[in-house]
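Examination of the molecular architecture
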Amino acid sequence: MSETPYFIQLDEARALCSKTPPALAVEHVSLDNAHQRTLAADLQSLVNDPPFDNSSMDGFACRFDPSATYPLTLRILGTQAASGENPELSVGVGDAARIMTGAPMPAGSDAILPIEMCTVSEDGKSVVLNEAPKPHFVRKKGENLQEGATALIKGSYLSPAQVGLCATMGHATVPVYRRLKMGIISTGDELKFPGEPLLHGEIYESNSFGLAGLVRWLGHEPVRYQAVADSLDGLRAALNKASAECDIVLTSGGVSMGEFDYVRRIMETEGEIHFWRMKIRPGSPPLFGLWKGTPIFGLPGNPVSSHVVFRMLVADYVRHALGSDGPKEWTVRAKLCDRVKSTMDCVTLRRVELVSTDEGMMAYQPKHQGSGNLDSLASASGLTMLQPGEIGEVGEWIDVVVL
Ligand code: AMP
Ligand code: MG
């Protein structure tokens, strides 16, 4: 243990973890399965977007005539349908064609007047343009994306809009990283599965459920194992199973200084620890290392701490491994409206409620900040990012991570 980095800064912890990435694999998935995945290659558009000049309005297509005066009466040649070419529609000076949004511009036309600014004659054969038709209501071929252009780069975390863009570019399948399987093992003699009656001294096991949600939020696959009691044999068996079945293992509990903190003890004697403890509050106890070649995070047992450490350390690790930009950790500037207790040498992450006002974002701390108080996290919308040395006085503008 003597050379194991101990009680290090968050940035150092992140850097150490990133040296031991999980094994990655690439697969091609349909767009239905592409949501929240990370692109494993740059993606070029197979087509122009739009593929042809088309109208952005319902109205009339005509040829722009700089010498015309308005109102101007034009002959209606016919209707341009949503797709396909209408060979009868060859629009010259004095002609107009009815057109719907998205329909291709008929031959000869180069401007649109929206229907609201037109008056169609009773016999439907002519139309009066009450003002000049607009060339800017024509969406030009390739104006959004040129064929061959790289619109999404490797590492893009696919949001709904980006999955839609893959379809626009003509891709039926996309190369993405295989979802990482993340095993979750809660440890502690006192833990009971929710729904079972509690004996004195027992509590409901909550960390594995919250962590499974965080793994899904990251776009990966949680595998929740049954909680294990505080015993070396039980823990060894669980770690062996999880490390054989998963790409990353997360444990919760048992990493502090206590007599029954078996995760730390077994990692010291039978695993490989790359660091133990880091300077954040809450959440200082974690460790990172390898168990039989599989990266393992020993997360704190306190429910708020395990959540905070996942957001600050595990999420960063996974994003880094995939070279990914998402899901993004958004930070906003907010004014502290309650005093926040900071710890001088640590990054302090207190749970706050964000309220948007004309003056900017306000941060309140309505709940008590015990790291066992999951209610304070469930009702929070942000975490303060007070850097070591920052005090957290009322009126200070600080960075807040949006939850
Ligand atoms: P430990 O790190 O094992 O000492 O746990 C710290 C605190 O977190 C103790 O109060 C535990 O009862 C609690 N705790 C540990 N694991 C869980 C869990 N999976 N769900 C809820 N609370 C937990
Ligand atoms: Mg414990």
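Parameters at a glance
- Residues numbered from 1 in each chain as written.
- Chains lettered and ligands numbered in written order.
- Predicted model: local features only at pLDDT ≥ 70, side-chain atom pairs only at ≥ 80, totals over all residues.
- Heavy atoms only, no water.
- Salt bridge = Lys/Arg side-chain N within 4 Å of Asp/Glu carboxyl O.
- Helix = DSSP H or I, 4+ residues; strand = E, 2+ residues; numbered from the N terminus.
- Buried < 20%, exposed > 50% of the residue type's maximum accessible area, 1.4 Å probe, protein only.
- Near = heavy atom within 4 Å.
- Polar contact = N/O pair within 3.5 Å; in protein donor to acceptor, adjacent residues only side chain to side chain.
- Areas by Shrake-Rupley, 256 points an atom, 1.4 Å probe, with all protein chains shown as cover.
- 1 Å grid on protein atoms, 1.4 Å probe; cavity = no way out; pocket = protein on both sides within 12 Å on 5 of 7 lines; lining within 4 Å.
- Sits in = over half its atoms within 2 Å of the grid points.
- Nonpolar A, V, L, I, M, F, W, Y, C, P; charged D, E, K, R; others polar.
- Pairing = 2+ DSSP bridges.
- Axes fitted to C-alpha atoms, helices over the stretch in contact; angles between N-to-C directions.
- Core = buried A, V, L, I, M, F, W, Y, C linked by side-chain atoms within 4.5 Å.
- Domains from an automatic or database assignment.
- Contact = heavy atoms within 4.5 Å.
- Parallel < 35°, antiparallel > 145°, perpendicular 65-115°, else oblique.
- Left-handed = near helix turned anticlockwise from the far one by under 90°.

**Some remarks on the pattern of salt bridges**
Taken as a whole, this structure holds 17 salt bridges when the rule is applied. The shortest N-O distance in the salt bridge between K192 and E202 comes to 2.9 Å. Placement of K192 in strand β15 (residues 191–192) and of E202 in the loop between β15 and β16 (203–204) is noted, with a sequence separation of ten residues between them. Judged by its relative accessible area of 18%, K192 falls in the buried class. A salt bridge links E329 to R319; the nearest nitrogen and oxygen atoms lie 3.8 Å apart. Residue E329 is located in the loop between α6 (303–322) and β23 (331–336), and its partner R319 is located in helix α6; the two are separated by ten residues in the primary sequence. A relative accessible area of 23% means that E329 is categorised as partly exposed. You can call R319 buried: its relative accessible area is 13%. When salt bridges that share partners are traced, they join D233, R236 and E270 into one network.

**Overview of the site of ligand 1**
Lining the immediate environment of ligand 1, one finds 16 residues, of which E190, E205, S206, G254 and G301 sit closest. Between ligand 1 and S186, the relevant distance is 3.1 Å, taken from a nitrogen atom to a side-chain nitrogen or oxygen of the residue. Here an oxygen atom of ligand 1 sits 3.2 Å away from a polar atom, N or O, in the main chain of N302. In isolation ligand 1 offers 480 Å² of accessible surface; the protein chains occlude 77% of this area. At a threshold of 2 Å from the grid points, most atoms of ligand 1 map onto the largest pocket. Among the residues making up the shell around ligand 1, the classes are represented as four nonpolar, nine polar and three charged.

**Details of the sheet that holds strand β26 (residues 360–364)**
Strands sit in the order β23-β26-β25-β27-β28 around a closed barrel of five strands; the barrel is mixed. On average, adjacent strands in this sheet sit at an angle of 50° to one another, irrespective of strand direction. Pairing geometry for strand β27 (residues 382–384) and strand β28 (residues 397–402), over three bridges, is antiparallel. When the bridges of β28 are listed, G382 appears paired with V402.

**A word on the nonpolar core**
In globular proteins that are soluble, nonpolar side chains generally tend to be buried together. Counting 40 residues, the largest nonpolar core has M182, L250, M278, I280, F297 and F310 as its most contacted members. Of all elements in the fold, only α1 (10–18), β14 (181–186), α3 (207–217), β18 (248–252), β19 (272–278), β22 (294–299) and α6 reach the threshold of two or more residues within this core. When residues in this core are grouped by element, the largest group, twelve residues, is from α6. The residue makeup of this core includes at least three contributed by each of domain 1 (6–25 + 178–322) and domain 4 (331–402). If near-sequence neighbours (up to four positions away) are discounted, M278 is found in contact with F7, I8, L10, A13, G283, S284, P286, V309 and L313. Counting residues in each nonpolar core, the second largest holds 19 residues, with L239, A242, V249 and M267 among its members.

**Observations concerning the packing of α3 against α6**
In contact at an axis separation of 10 Å, α3 and α6 are set at 25° when each is read in the N-to-C sense. Between α3 and α6, the crossing angle belongs to the class labelled roughly parallel. In terms of crossing hand, the pair formed by α3 and α6 is right-handed. Residues N207, L211, L214, V215 and W217 of α3 form the contact with α6, whose own contacting residues are P303, S306, H307, F310, R311, A315 and R319. The residue inventory of the contact of α3 with α6, partitioned by class, reads seven nonpolar, three polar and two charged.

**Side note on the pairing of strand β10 (residues 126–129)**
Alternating positions in β10 separate cleanly, V127 and L129 being buried on one face and S126 and V128 remaining unburied on the opposite face. In the sheet, strand β6 (residues 72–80) pairs with β10 via four bridges, with the strands oriented antiparallel. What sits directly across from T73, in β10, is V128. Pairing analysis gives three bridges linking strand β9 (residues 118–120) to β10, with the strands arranged antiparallel. Residue pairing in the sheet places C118 in a bridge with L129 of β10. Counting the residues in the hairpin turn of β9 and β10 gives five residues, including G124, whose phi is positive at 75°.

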